[in-house]
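# Coordinate inspection notes
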Amino acid sequence: MFQYQPPLKDINFVLADMFQAADVLQQYPGFVDVDHALIQQVIEEAGRFASEVLFPLNATADAKGSALDNGRVITPQGYAQAYHQFCEAGWPALACDPDYGGQGLPHTLNSVLYEMLNATNLAWTMFPGLLHGAYSCIHRYASDHIKNTYLPKIVSGEWLATMCLTEPHAGSDLGLLRTKAIPNDDGSYQITGTKIFISGGDQDITDNIVHLVLARLPDAPAGSKGISLFVVPKIFPDGDRAGQHNAVTCTGLEHKMGIHGSPTCTMQFEEATGWLVGEPHRGLAAMFVMMNSARLQVGIGGLGIAETAYQNALIYANERLQSRAVMRPEHRKTEAADPIVMHPPVQRLLMTQRAWVEGCRMLAYYSALLLDGAEHHPDEAQRKALDEQLALLTPIIKALMTDQGFAGASQALQVYGGHGYVCETGIEQYMRDVRITMIYEGTNEIQAIDLLMRKILADNGKRLGMLLDDIEQTIAETTHESLASATTALLALTRTLRTLIPEIGQAGLSYPDLPHQIAPEVLRLVGHCAIAWLWLKAANVARTLQDKDPDFYLAKQTTAQYYFTFVLPESQQLITVIKQCLANAKAGQHQNYQTVLSVQ
Ligand SMILES: Cc1cc2nc3c(=O)[nH]c(=O)nc-3n(C[C@H](O)[C@H](O)[C@H](O)COP(=O)(O)OP(=O)(O)OC[C@H]3O[C@@H](n4cnc5c(N)ncnc54)[C@H](O)[C@@H]3O)c2cc1C
């Protein structure tokens with residue numbers, strides 16, 4: 001039977017052994033009480049909620065899905081109760097400002113919570129998943145009146161929120177959006193337009209829904225510089241119309257590949273009343289606060305899915321008997337067949353999943369700590385530096401971790417063989433569900449372009465250089481001979497990146513499409529560099545702690561070696577592609593494939 005065990009030991013390894021999270025966090029004002037015991041307690045409770053409440057709903061909700069009944073969305077049975085339990089336990093408020101009813105705890109804990117929620121029920125998690133982004137966006141940009149009206153309800157979870165960006169003709173390119181906002185005399189706006197693919201656009205879980213909507217004012221310049229952000233409640237919270245419905249309706253639900261429990265709504269705004277958040281025409285910047293929060297969370301979703309897929313594939317591989325293993329222990333010599341976990345190719349499938357899951361977890365929590373530092377470090381220059389690092393890593397977390405979420409689910413399905421492809425075992429749902437994470441919150445292609453163009457080339461590789469400096473420092477500190485080949489490989493990689501980036505920038509001056517063409521390779525390469533760095537740190541830490549729990553810490557070191565032997569060499573292929581494209585450009589043979597693609 002499909003199952004989920006919260007990976008508490010590994011989370012603890014990353015937070016406590018690798019990053020000394022409690023010590024780091026306690027340096028920040030507001031987190032002085034966040035000690036190891038508190039972190040443990042929160043994580044254990046989160047694991048209990050995810051495994052005991054959410055996980056049992058996952059398969060049944062997938063089978064039933066959300067439905068539209070007379071303009072009202074009906075969510076799967078058990079979703080609303082689970083959500084109310086979630087709110088009663090105070091989970092929506094975890095990392096929110098105490099001034100609005102929040103618990104004021106670190107984002108790092110919220111990230112662990114969301115790994116486990118996504119691991120057990122991705123579709124359900126999309127409801128609260130948007131809450132924190134909405135909270136951050138309103139908290140930072142809205143007027144005091146809007147803050148006081150909406151934030152306490154969002155923080156308590158009493159009202160859910162949506163993110164209304166996409167329109168039929170405007171997906172990745174939000175500059176094309178047409179939804180209009182006409183000013184009213186009383187300072188509010190009339191919002192008219194159609195939004196599609198809106199997650200949780202309607203639901204029967206909360207009494208009210210806070211829509212954050214992108215629209216254009218009448219005098220708006222064309223393109224993305226003419227977009228404003230509005231808060232549009234489903235039900236008016238105050239004023240003359242308190243309690244009345246706003247002119248927002250769900251006119252359709254998508255039938256889709258996965259996340260059946262999450263209603264993906266077409267939303268019609270017909271002169272709905274909304275209020276401006278932030279400055280006119282600066283809505284995209286405000287919305288980016290929500291999107292960045294969502295991007296980290298979506299990446300962590302990929303991690304959660306890969307964790308559950310791995311756990312179950314491992315259990316199955318220990319139970320399924322097929323063929324005699326090449327290496328059989330004495331006590332199995334008379335058995336007709338061995339567990340498939342004894343076959344090296346199955347071990348490879350499982351070890352690859354494990355190396356990515358554990359590596360991505362290190363990257364996720366490293367980044368979550370950056371976010372806490374970027375908001376709470378007492379020194380402004382430090383806050384800025386941490387924010388810059390996080391900006392560099394955000395597209396990597398979103399794209400690499402969701403690519404690996406899908407790859408991990410696929411490898412897990414392979415371990416199940418035909419029994420994975422049929423529905424009963426549960427793994428195919430995970431593979432269907434996780435696929436969307438590579439698309440929404442900015443497709444992974446858009447993330448790669450964002451990384452290379454805005455985060456790397458735009459500052460001439462300064463942010464990337466800081467990451468590479470940190471990596472090279474860890475390499476210099478790693479002296480144990482068992483890691484010699486790993487440090488050599490990683491050092492070669494950082495040096496290659498330092499030379500490749502200016503070359504890509506240079507080639508882009510002659511061929512502006514070239515950086516876009518190789519952006520996916522660059523993202524994966526920088527991602528490998530970051531994860532290899534963290535594996536090196538993990539191996540160092542595990543070696544020093546080895547006597548405490550030999551099985552665990554030796555397994556950690558062996559998994560690090562596996563990453564360096566079987567996974568990291570992919571970086572050579574990525575480098576080959578990038579170098580070949582640069583060489584072609586130098587030789588005046590750069591290709592844009594539009595012409596070929598027009599040939600039948
Ligand atoms: C289940 C689901 C839930 C969603 N939830 C929400 C939500 O809550 N709120 C919301 O606003 N939206 C939501 N979306 C929309 C989602 O964010 C968009 O689907 C996504 O941004 C991509 O837009 P698109 O589908 O129009 O694809 P397009 O933008 O048409 O892209 C199609 C392909 O072209 C590529 N592409 C496009 N432009 C470029 C470029 N400049 N360079 C390189 N490649 C490019 C893309 O990477 C992609 O491979 C959801 C979508 C789904 C399916």
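Residues numbered from 1 in each chain as written. Predicted model: local features only at pLDDT ≥ 70, side-chain atom pairs only at ≥ 80, totals over all residues. Heavy atoms only, no water.

Packed helix pairs are characterised by how far apart their axes lie and by the angle those axes make with each other. Interaxial distance between helix H11 (residues 380–416) and helix H14 (residues 444–456) falls to 9 Å at its minimum, and their mutual angle equals 155°. The pairing of H11 with H14 is recorded here as roughly antiparallel in orientation. Our pair here, H11 against H14, has a crossing hand that is left-handed. Contacts between H11 and H14 involve Ala391, Leu392, Pro395, Ile396, Lys398, Ala399, Thr402 and Asp403 from the former and Asn444, Gln447, Asp450, Leu451, Lys455 and Ile456 from the latter. (Axes fitted to C-alpha atoms, helices over the stretch in contact; angles between N-to-C directions. Helix = DSSP H or I, 4+ residues; strand = E, 2+ residues; numbered from the N terminus. Parallel < 35°, antiparallel > 145°, perpendicular 65-115°, else oblique. Left-handed = near helix turned anticlockwise from the far one by under 90°. Contact = heavy atoms within 4.5 Å.)

Once that is clear, we can look at the site of the ligand. Around the ligand lies a shell of 19 residues, among which Met163, Thr166, Ser172, Phe197 and Thr443 are the nearest. Between an oxygen atom of the ligand and a main-chain N or O atom of leucine 165, the distance comes to 2.9 Å. Residue threonine 443 places a side-chain N or O atom 2.7 Å away from an oxygen atom belonging to the ligand. When isolated, the ligand has an accessible area of 970 Å², and the protein chains bury 64% of it. Listed by contribution, the elements that provide at least two residues to the shell around the ligand are strand E5 (189–199) and H14. (Near = heavy atom within 4 Å. Polar contact = N/O pair within 3.5 Å; in protein donor to acceptor, adjacent residues only side chain to side chain. Areas by Shrake-Rupley, 256 points an atom, 1.4 Å probe, with all protein chains shown as cover.)

Scanning all chains against the criterion turns up 24 salt bridges. Here lysine 333 ties to glutamate 330 by a salt bridge, and the two come within 3.7 Å at their closest N and O atoms. Salt-bridge contacts for aspartate 469 lead to arginine 498; the nearest nitrogen and oxygen are separated by 2.8 Å. Placement of the pair is aspartate 469 in helix H15 (residues 462–477) and arginine 498 in helix H16 (residues 484–510), with a sequence separation of 29 residues. Residue arginine 498 is classed as partly exposed on the basis of its relative accessible area, which comes to 32%. Linked through salt bridges whose partners overlap, the residues forming this network are Asp10, Glu115, Glu307, Arg354, Glu358, Arg361 and Lys556. (Salt bridge = Lys/Arg side-chain N within 4 Å of Asp/Glu carboxyl O. Buried < 20%, exposed > 50% of the residue type's maximum accessible area, 1.4 Å probe, protein only.)

The next point concerns the side chain of threonine 394. Position of threonine 394 relative to the elements: it lies in helix H11. In this structure the side chain of threonine 394 is engaged in a polar contact, spanning 2.7 Å, whose partner is the backbone oxygen of leucine 390. Ignoring anything within four residues of it in the chain, the contact list for threonine 394 reads Asn292, Arg295 and Leu296.

Moving on to empty space enclosed by the protein. A full pass over the atoms with the stated rule returns three cavities of 30 Å³ or more. Looking at the largest cavity, the residues that line it are Phe86, Trp91, Pro92, Cys96, Asn110, Leu113, Tyr114, Pro128, Leu131, His132, Tyr135 and Ile154. Where the lining of the largest cavity is concerned, the elements lending two or more residues are helix H5 (107–120) and helix H7 (131–141). Of the residues in the lining of the largest cavity, the class split is 10 nonpolar, two polar and no charged. Of the voids in this model, the second largest cavity is the one considered here, and its volume is about 50 Å³. In terms of lining residues, the second largest cavity is bounded by Met126, Phe127, Leu130, Leu160, Ala161, Ser199, Gly200 and Ser262. Among the elements of the structure, helix H6 (122–129) and strand E3 (160–164) are those that each provide at least two residues to the lining of the second largest cavity. A class-by-class count of the residues in the lining of the second largest cavity yields five nonpolar, three polar and no charged. (1 Å grid on protein atoms, 1.4 Å probe; cavity = no way out; pocket = protein on both sides within 12 Å on 5 of 7 lines; lining within 4 Å. Points joined across faces, edges and corners; volume = space filled by probe spheres on them. Nonpolar A, V, L, I, M, F, W, Y, C, P; charged D, E, K, R; others polar.)

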